[in-house]
Amino acid sequence: MGADQQPNLELLLRGEDGKKSTFTFFSGRTLQYYHFNAHLGNPDWAGKKILDFGGNVGGFLIGAPPTVRQEDYWCVDLHKPALERGQKTLPRAHFVFYNRYHNLYNPSGIVDLPVPDLGLTFDFILVFSVFTHTSVREMHEILRQLMAMLKSGGALSFTFEDPNYDPVKDPRYDLTVADQEVSWGPNLRHRLLRLKRDYPEIEVEQSFLRARNARWCATTSTIRSLL
Ligand SMILES: C[S@@+](CC[C@H](N)C(=O)[O-])C[C@H]1O[C@@H](n2cnc3c(N)ncnc32)[C@H](O)[C@@H]1O
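Here's a quick rundown of the structure. Remember, predicted model here, so these are calculated numbers, not experimental data.

Quick look at the overall build of the chain now. Broken down by element type, the chain carries 6 helices and 7 strands. Each helix and strand of the chain, placed in order from N terminus to C terminus, yields the pattern β-β-α-β-α-β-α-β-β-α-β-α-α. The buried share of the chain, taken over its 227 residues, is 24%. For the chain, the proportion of contacts with a sequence separation of at least 24, taken over those separated by at least 6, is 52%.

So, about the nonpolar core. In this structure, I50, L51, I125, L126 and V127 are the most contacted members of the largest nonpolar core, which totals 29 residues. Only α1 (32-39), β3 (50-53), α2 (59-62), β4 (73-77), α3 (80-89) and β6 (122-127) provide two or more residues apiece to this core. When near neighbours in sequence (up to four residues on either side) are disregarded, L126 contacts Q32, F36, I50, D52, F53, F60 and S157.

So, on to the sheet that holds β4. In spatial order, the strands read β5-β4-β3-β6-β7; together these 5 strands make up an open sheet with parallel pairing. Two strands in the sheet have a free side with no partner beyond their single neighbour: β5 (94-97) and β7 (150-158). Averaged over all pairs of adjacent strands, the angle between their axes in this sheet comes to 20 degrees, without regard to strand direction. Two elements, β3 and β6, share 3 bridges in a ladder whose sense is parallel. Across the sheet, residue L51 finds its bridge partner in β6, namely I125. Across the face of the sheet, helix α4 (residues 136-147) comes into contact with β3, β6 and β7 while running at roughly 150 degrees to β7.

Along α3, the residues that are buried comprise A82, L83 and G86. Angularly, the buried residues of α3 cover 100 degrees about the axis, an arc narrow enough to put them on a single face. In this fold, the buried residues of α3 make contact with β2 (22-27), β4 and β5.

A separate point is the pairing of β5. Note: β4 against β5, 4 bridges, orientation parallel. Opposite D77, over in β5, you have F97 as the bridge partner. Crossover handedness for the path β4 to α3 to β5: right-handed.

Let us look at the environment of N164. In this fold, N164 is placed in the loop between β7 and α5 (187-196). C-beta crowding within 10 Å serves as the criterion here: with 14 such atoms nearby, N164 is assigned to the partly exposed category. Put simply, N164 and A211 are 47 residues apart on the chain and 10.0 Å apart in space, counted from C-alpha to C-alpha.

Reading the values: rules and limits
- Residues numbered from 1 in each chain as written.
- Predicted model: local features only at pLDDT ≥ 70, side-chain atom pairs only at ≥ 80, totals over all residues.
- Helix = DSSP H or I, 4+ residues; strand = E, 2+ residues; numbered from the N terminus.
- Buried ≥ 20, exposed ≤ 12 C-beta atoms within 10 Å, placed from the backbone.
- Contact = placed C-beta atoms within 7 Å.
- Core = buried A, V, L, I, M, F, W, Y, C linked by C-beta atoms within 7 Å.
- Pairing = 2+ DSSP bridges.
- Axes fitted to C-alpha atoms, helices over the stretch in contact; angles between N-to-C directions.
- Arc of directions from axis to C-beta.
- Right-handed = clockwise from strand over helix to strand, strands pointing away.

In structure tokens:
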């Protein structure tokens with residue numbers, strides 16, 4: 001399923017006197033509840049403890065029905081400005097800062113810091129569009145730690161990007177919302193095409209063909225305007 005079809009993201013550069021400085025990222029996505037609800041087979045959410053790992057401003061909860069109570073929702077993230085905004089919007093929910101290093105979201109954090117112990121276990125641990133921002137090693141390490149925070153009988157669900165997934169071949173994908181420029185081919189090609197708008201030097205077809213048989217790959221870019 002194309003979980004990232006409508007990212008609706010807000011990227012802000014915050015700084016005193018309007019100067020570019022700190023990177024601030026607020027996600028405006030609120031489809032997470034519907035995504036996980038469908039994937040988990042429409043479970044009963046009432047009274048269930050939920051950990052939204054990398055939940056940013058709490059978009060999961062904003063888009064969820066009232067059966068999901070603020071009090072039952074924990075958002076752990078390493079990007080402080082997003083947590084502060086989330087806590088303001090959802091005052092009875094739990095927003096927990098995780099001071100782990102991330103080159104973009106938390107460059108002054110601690111490398112490989114373990115996931116904080118929240119003092120409880122969860123019925124649902126949900127991770128939306130987070131492991132698309134970590135290495136494979138980090139993903140495995142974090143998943144191991146998250147599994148230890150799951151209640152017996154609970155569910156952990158996360159999104160990932162399969163570089164070889166081709167939406168055109170998936171009858172469930174809503175092509176009417178797809179980027180018109182991106183009309184064929186797998187995810188990796190779509191990503192490269194998107195990046196090409198800002199980095200015209202990217203050789204999309206050659207890079208795509210070269211990486212076709214790789215087990216995993218990462219696309220990286222430099223945000224020049226921040227430097
Ligand atoms: C693309 S945003 C997605 C936010 C939210 N899940 C959503 O769907 O709108 C990625 C989020 O993951 C967080 N993040 C990245 N690496 C993380 C890590 N190792 N641990 C916790 N959060 C992380 C970032 O700070 C950011 O808020």
